[in-house]
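Report on the structure
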Amino acid sequence: MKLRYNFRVYPNALQRQALAQAFGCTRVVWNDCLRARMAAHEAGLPYLKSAELSKQHITRAKRTPERAWLADVSAVALQQSLRDLDNAFKHFFDSARGRSKSRKTAPPRYKSKKDSRQSIRLTRSAFSLDGDGRVHVAKVGGLKVKWSRPLPTAPSSLTLVKDCAGRYFASFVVDTEPEVLPQAESEVGIDLGLTTFAVLSDGRKISSPKFLRRAEKKLQRAQRDLSRKTKGSKNEAKARVKVAREHARVTDRRRDWHHKESTRIIRDNQAVYVEDLAVHALARTRLAKSVHDAGWATFVNMLGYKAVKHGRRFGKISRFEPTSRVCSTCGYHDGPKPLHVRQWICPHCETVHDRDENAAVNTLAAGRADRLNACGAPVGPGAIPARRDETGSPRGGLVAAARIPGRQAAGGYVNSSP
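With that settled, consider the confidence of the model for the protein chain. In this model, the protein chain carries a mean pLDDT of 87, and residues with pLDDT of at least 70 account for 89%. Here residues 381–418 is a poorly scored stretch, pLDDT under 50, and it has 84 contacts once near neighbours within four places are set aside; other chains count.

Here's what the structure looks like:
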């Protein structure tokens, strides 16, 4: 399976200038090729192929006075920029034709030098790992890297990134074998929330750290300083970087916490099931700040690819399953309940339920119902390796939705697995 390893990079002044030039050249190639395809579409001409665009806007453009500076950067980075544009168009076309299961994808847009994130991508022929711990990049030089851990195998590609806080990162893609953990006896269902980040079916509760809420005072102070600066001045640019650094600290703390909690859950359980939440819809409500602060989507993605990496089973149940309305003891459907109701008594069996714990137990039962048939034999797919086109991400829908036990349809439990 393919994984991505990120490391902090510390370029010197000359290398930062060379990287800025490389970012700009790849951006120009992207914009020129995008403009050419849009002009051909408006004129009713056929779709321009990559080979024609490469010949016109990279090879021949280097020989013109207007684009002669394209020769100052690695040709591999320019070709990879065109390849990224092809992938962007492919995702757009697949979404427009209904071939993609994800949300609707917008067409590619022009890139700006004011974008918060700048990057270039290189294949193995344009970089090498030096013996002194540096990464040598073509026409940039040897970059100093902070190696926090060793690479398991030789990397196949490298992406150099400059984020909004002015930090540089080297992202390596490596092809490794799964590290299968010893068999575990327990399985767990997870109910995600805001007040309590996650409630597990075994009774464990994970409190929400609320990193953004805790950093609001510093962010407000930095934002006030930014609003007082003169527009377009150097002081405004410095203040904007300070705001970006505060947000970057919040993001780093949240990501580190997500990694630790997701690793602990995957190591302790053989199977993990969560609800397929519509995070993009919840982020448009009055709870938007809290939803973004929780980072559910990132946490669920980590559970997915770590399950594939360590030989565990990961599944998502349907977001329309009434996990909070059904009694996990007798299966009685008690109807909808407002959010302020955190405990309720089942009218049928008189069991007192904690709302979140009951939902976690029902999530576990729904995941098991999809995986096992009446004889207890597995019917769902096994571990599926990560997709080759998106590093470190699991294939969507490893285990599909199933009805909660106790709520049988006419033909038994509904199994919507692919």
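Moving on from the model shown.
Hydrogen bonds between backbone atoms are what pair the strands of a sheet, whose relative direction is either parallel or antiparallel. Taken in spatial order, the five strands line up as β10-β9-β8-β11-β12 in an open sheet, and their pairing is mixed. Two strands lie at the open edges of the sheet, namely β10 (205–207) and β12 (313–317), each paired on one side alone. Across the sheet, the mean angle from the axis of one strand to that of its neighbour is 20°, orientation sign disregarded. Examined bridge by bridge, strand β11 (residues 271–275) and β12 share five bridges and lie parallel to one another. Along β12, the bridge assignment pairs Tyr 273 with Gly 315. Here helix α6 (residues 234–268) sits on the sheet in contact with β8 (187–192), β9 (196–200), β10 and β11, set at roughly 175° to β10. Strands β8, β9, β11 and β12 of the sheet are contacted by helix α9 (residues 296–309), whose axis makes an angle of about 140° with β12.

As for its placement among the helices and strands, Glu 179 is situated in the loop between β7 (168–175) and β8. Residue Glu 179 is classed as partly exposed on the basis of its relative accessible area, which comes to 45%. Put simply, Glu 179 and Val 308 are 129 residues apart on the chain and 9.1 Å apart in space, counted from C-alpha to C-alpha. Residues within four places of Glu 179 in sequence aside, it is in contact with Lys 309 and His 310.

For helix α1 (residues 13–42), built from 30 residues, the straight-helix expectation of 44 Å at 1.5 Å per residue is met to within 8% by its first-to-last C-alpha distance of 43 Å. Regarding α1, its N-cap is Asn 12, as a side-chain oxygen of that residue lies 3.2 Å from the backbone nitrogen of Leu 14 further along. Taken from the residues just after α1, Gly 44 is the one with a positive phi, measuring 80°.

Taking strand neighbours across the sheet as the criterion, the seven strands line up as β2-β6-β7-β1-β5-β4-β3 in an open arrangement whose pairing is antiparallel. Looking at which strands have only one partner, the edges of the open sheet turn out to be β2 (118–123) and β3 (127–129). When strand polarity is set aside, the average angle formed by the axes of neighbouring strands in this sheet is 30°. Bridging between strand β1 (residues 2–10) and strand β5 (residues 141–146) involves three bridges; their strand directions are antiparallel. Looking at the pairing, Arg 8 lines up with Lys 146 of β5. Lying over the sheet, α1 contacts β2, β5, β6 (157–162) and β7, oriented at roughly 90° with respect to β2.

This paragraph deals with empty space enclosed by the protein. What the rule picks out here adds up to one cavity of 30 Å³ or more. Empty space within the largest cavity amounts to approximately 70 Å³. Lining the largest cavity are Ala 18, Ala 22, Asp 72, Val 73, Ser 74, Ala 77, Ile 120, Leu 122, Val 137, Ala 138, Lys 139 and Val 140. Breaking the lining of the largest cavity down by element, the ones donating at least two residues are α1 and β2. Grouping the amino acids of the lining of the largest cavity by side-chain chemistry returns nine nonpolar, one polar and two charged.

So, about the pattern of salt bridges. Taken as a whole and judged by the stated rule, the model has 24 salt bridges. In this structure, Arg 121 and Asp 84 form a salt bridge, with 2.1 Å as the shortest nitrogen-oxygen distance. Here Arg 121, found in strand β2, pairs with Asp 84, found in helix α3 (residues 75–96); they are 37 residues apart in sequence, far enough to count as distant. When its relative accessible area of 22% is taken as the criterion, Arg 121 is described as partly exposed. Owing to a relative accessible area of 26%, Asp 84 belongs among the partly exposed residues under this scheme.

Our focus in this paragraph is the side chain of Arg 37. Within the fold, Arg 37 resides in helix α1. Judged by relative accessible area, Arg 37 falls into the buried class, the value being 5%. When sequence neighbours within four positions are dropped, the list of residues in contact with Arg 37 reads Tyr 47, Leu 48, Lys 49, Ser 50, Leu 53, Leu 85, Asp 86 and Phe 89.

Below, the discussion takes up the nonpolar core. With 47 residues, the main nonpolar core has Val 137, Leu 158, Leu 160 and Phe 172 as its most contacted residues. If one sorts the elements of this core by residue count, α1 sits on top with eleven residues. When sequence neighbours within four positions are dropped, the list of residues in contact with Phe 172 reads Leu 3, Arg 4, Tyr 5, Phe 7, Phe 127, Leu 129, Val 135, Trp 147, Leu 151, Pro 155, Ser 157 and Leu 158. Within the second largest apolar cluster, 25 residues are counted, among which are Ala 215, Leu 219, Ile 265 and Val 300.

What follows covers the state of the cysteines. Applying the stated rule across the entire model yields zero disulfides. Not part of a disulfide, Cys 327 finds its nearest cysteine sulfur in Cys 349, a span of 3.6 Å. Residue classification places Cys 327 among the buried positions, given a relative accessible area of 2%. Here Cys 346 is not cross-linked by a disulfide; its sulfur's nearest cysteine counterpart is in Cys 330, at 3.6 Å. For Cys 346, a relative accessible area of 0% translates into the label buried.

Reading the values: the criteria
- Residues numbered from 1 in each chain as written.
- Predicted model: local features only at pLDDT ≥ 70, side-chain atom pairs only at ≥ 80, totals over all residues.
- Heavy atoms only, no water.
- pLDDT = per-residue confidence, 0-100.
- Contact = heavy atoms within 4.5 Å.
- Pairing = 2+ DSSP bridges.
- Helix = DSSP H or I, 4+ residues; strand = E, 2+ residues; numbered from the N terminus.
- Axes fitted to C-alpha atoms, helices over the stretch in contact; angles between N-to-C directions.
- Buried < 20%, exposed > 50% of the residue type's maximum accessible area, 1.4 Å probe, protein only.
- Expected span 1.5 Å × (residues − 1).
- Polar contact = N/O pair within 3.5 Å; in protein donor to acceptor, adjacent residues only side chain to side chain.
- 1 Å grid on protein atoms, 1.4 Å probe; cavity = no way out; pocket = protein on both sides within 12 Å on 5 of 7 lines; lining within 4 Å.
- Points joined across faces, edges and corners; volume = space filled by probe spheres on them.
- Nonpolar A, V, L, I, M, F, W, Y, C, P; charged D, E, K, R; others polar.
- Salt bridge = Lys/Arg side-chain N within 4 Å of Asp/Glu carboxyl O.
- Core = buried A, V, L, I, M, F, W, Y, C linked by side-chain atoms within 4.5 Å.
- Disulfide = S-S within 2.5 Å.

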